[in-house]
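Summary of structural features
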Amino acid sequence: MGREVSESCVDSLLTEMVSTYCNRFYANKPELAARRIEAIGYQVGHQLSERYTMERPRFSDHLEAIKFICKDFWSEVFKKQIDNLKTNHRGTFVLQDNRFRWLSRISIDPSLESAESQDSSTPAESKAAQASSMHLYFPCGIIRGALSNLGIPCAVSADISNLPACSFVVRIKA
Amino acid sequence: MIVCVAVVGHQNNPLYIQSFTEADDALKLHHIVHCSLDVVDERVNNPKKSGPTLNETFLGLLYPTENYKVQYVFFSYGYLTNTKVKFILVTTDLDVRDADVRNFFRRFHAAYVDAVSNPFHVPGKKITSRTFAERVSTIVKSFGLSSAT
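Named according to an unreviewed UniProt entry, chain B is Trafficking protein particle complex subunit 2-like protein originating from Melia azedarach.

Named according to an unreviewed UniProt entry, chain A is Trafficking protein particle complex subunit 6B originating from Melia azedarach.

A look at the overall build of chain A
A tally of helices and strands in chain A yields six helices and four strands. The order of helices and strands in chain A, counted from the N terminus, is α-α-α-β-β-α-α-α-β-β. By the burial criterion, 38% of the 174 residues in chain A qualify as buried. Taking as baseline every contact in chain A between residues at least 6 positions apart, the subset at least 24 positions apart corresponds to 58%. Within the structure as shown, chain A displays about 9,900 Å² of accessible surface, and the carbon and sulfur contribution to it stands at 51%.

Comments concerning the interface of chain B and chain A
Frequently, the measure chosen for interface size is the accessible area that the parts lose on association. Each partner contributes residues to the interface: chain B has 22 residues there, and chain A has 16 residues. Roughly 1,700 Å² of surface becomes buried between chain B and chain A when both sides are summed, with 47% attributable to carbon and sulfur atoms. Of all residues in chain B, N55, N82 and T83 of chain B give up the largest surface area on contact with chain A, accounting jointly for 39% of the area buried on that side. Across the contact surface, chain B and chain A share one salt bridge. The shortest N-O distance in the salt bridge between D114 of chain B and R51 of chain A comes to 2.9 Å. Taken together, chain B and chain A are joined by six residue pairs in polar contact (both at pLDDT 80 or more). When contributions to the side of chain B that touches chain A are tallied by element, the ones reaching two or more residues are β4 (75-80) and α2 (98-116) of chain B. Element by element, the count of residues in the side of chain B that touches chain A is highest for α2 of chain B, at seven residues. Here the side of chain B that touches chain A is built from residues that sort into ten nonpolar, eight polar and four charged.

Here's the deal with the pattern of salt bridges
On inspection of all chains with the given rule, the structure shows ten salt bridges over all chains. Between D97 of chain A and K80 of chain A there is a salt bridge; the shortest N-O distance is 2.5 Å. A residue pair is termed long-range when its members are at least 10 positions apart, and D97 of chain A in strand β2 (residues 92-97) and K80 of chain A in the loop between α3 (62-78) and β1 (84-87) qualify at 17 residues. Using a relative accessible area of 0% as the deciding quantity, one classes D97 of chain A as buried. Ionic pairing is found between R102 of chain B and D98 of chain B, a salt bridge with its closest N-O pair at 3.6 Å. Note that R102 of chain B and D98 of chain B are positioned in helix α2 at a spacing of four residues, about one turn of the helix. We classify R102 of chain B as partly exposed; its relative accessible area is 33%. Here the salt bridges do not stand alone but share partners, grouping E7, K79 and R101 of chain A into one network.

Examining the sheet that holds strand β4 (residues 166-172) of chain A
Residue and element names in this part refer to chain A. The sheet built from four strands is open, its strands ordered β1-β2-β4-β3 with antiparallel pairing. What marks the edges here is a single partner per strand, and that holds for β1 and β3 (154-160). Pairwise comparison of adjacent strand axes, ignoring direction, gives a mean angle of 20° for this sheet. Pairing analysis gives four bridges linking β1 to β2, with the strands arranged antiparallel.

Details of the packing of aromatic side chains
Given two aromatic rings, one states the distance between the centres and the angle between the planes to describe the pair. All names here are of chain B. Evaluation of the coordinates by the stated rule reveals 22 aromatic pairs over all chains. Seen from their ring centres, Y79 and F105 are 5.1 Å apart, and the 25° between their planes marks the pair as stacked. Of this pair, Y79 sits in strand β4 while F105 sits in helix α2; the two residues are 26 residues apart in sequence, bridging distant segments of the chain. The class for F105 is buried, based on a relative accessible area of 1%. Ring pairs connect the aromatic residues Y16, Y79, F87, F104, F105, F108, Y112, F132 and F143, which therefore count as one cluster.

Section: helix α1 (residues 26-45) of chain B
The end-to-end C-alpha distance of α1 of chain B is 29 Å, a good match for the 28 Å that 20 residues give at a rise of 1.5 Å each. Buried within α1 of chain B we find L29, I32, V33, S36, L37, V39 and V40 of chain B.

Side note on the packing of helix α2 (residues 30-52) of chain A against α3 of chain A
All names here are of chain A. Running from N to C, α2 and α3 cross one another at 100°; their axes reach a closest spacing of 11 Å. Comparing their axes, α3 and α2 come out roughly perpendicular. Contact residues: α2 offers L48, S49 and Y52, while α3 offers F68, F73, E76 and V77. Broken down by class, the residue content of the contact of α2 with α3 amounts to five nonpolar, one polar and one charged.

Side note on the confidence of the model for chain A
Averaged over all residues, the pLDDT of chain A is 84; the fraction at 70 or higher stands at 89%. Of all secondary-structure elements in chain A, the lowest mean pLDDT belongs to helix α4 (residues 110-117) of chain A, at 51, while helix α6 (residues 137-149) of chain A reaches the highest, 93.

Reading guide: rules and limits
- Residues numbered from 1 in each chain as written.
- Chains lettered and ligands numbered in written order.
- Predicted model: local features only at pLDDT ≥ 70, side-chain atom pairs only at ≥ 80, totals over all residues.
- Heavy atoms only, no water.
- Helix = DSSP H or I, 4+ residues; strand = E, 2+ residues; numbered from the N terminus.
- Buried < 20%, exposed > 50% of the residue type's maximum accessible area, 1.4 Å probe, protein only.
- Contact = heavy atoms within 4.5 Å.
- Areas by Shrake-Rupley, 256 points an atom, 1.4 Å probe, with all protein chains shown as cover.
- Buried area = accessible area lost by both parts, 1.4 Å probe.
- Salt bridge = Lys/Arg side-chain N within 4 Å of Asp/Glu carboxyl O.
- Polar contact = N/O pair within 3.5 Å; in protein donor to acceptor, adjacent residues only side chain to side chain.
- Nonpolar A, V, L, I, M, F, W, Y, C, P; charged D, E, K, R; others polar.
- Pairing = 2+ DSSP bridges.
- Axes fitted to C-alpha atoms, helices over the stretch in contact; angles between N-to-C directions.
- Phe/Tyr/Trp six-rings, centres within 6.5 Å; stacked < 30°, edge-to-face > 60°.
- Expected span 1.5 Å × (residues − 1).
- Parallel < 35°, antiparallel > 145°, perpendicular 65-115°, else oblique.
- pLDDT = per-residue confidence, 0-100.

Here's what the structure looks like:
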């Protein structure tokens, strides 16, 4: 075992997947593109969770499963753990990653920024935010897939605070 | 000798069942697997023992459970993964070493994970992969051989 894959390949694949879905398949329907990307992530997370939980006892509660996602699962996928975990103890968990690997190489297109900032700075910024948020549907899907395979149906959303940092909000369905 | 192995999904839906006997007793074996599922549920919902064995994936001997009787010629062992997938092993051997069964399930689990990681496998559907079937029969054949060493 212990097969590895080049990190840059995964990065390129992810970028290419997002851009294909957003600009080619569903160019005018970002909602639909997001759903499709999330579904791919779901399948990946579903399969990964099966593999990574192989040698461990079963989880007794939700918190334990979430902790597994934060520590072992995240380490396997991103070679680091989640930096901060918050919960309201009523089924909502916030997983914060201060340097999320898949966002660390994202930069805002300078030509786009300068061209649009002459009119007003907001559209360029929102466009950039939208572009990077598109890249977060895949990891959201991974988390949702992993948790649902562990028997925890949930909804996962993400938001970007300032670029390489981002947080995932997991809401467990009662 | 192992006579039957089964993979059962989290809603008790059969994902894979394979018997390894010459005789035509598939129905009987399926019945035993079916009976074992109730015991799995029972074990998981009311864990008797506590401590390190709590929530362990390996569930031990399921059937016959308590009083050994002569008419029982099959023994079944269970394993429950974190993803609520059950593996059932049916054997005719009376004295099987626990370590052998654990080892079997560990290798079986690895084969299962590889099978479901196939992108063409639909989660929750039966496992039709031929590679998986071959791997399982290899594992079944080698069962108990390691104890000789």
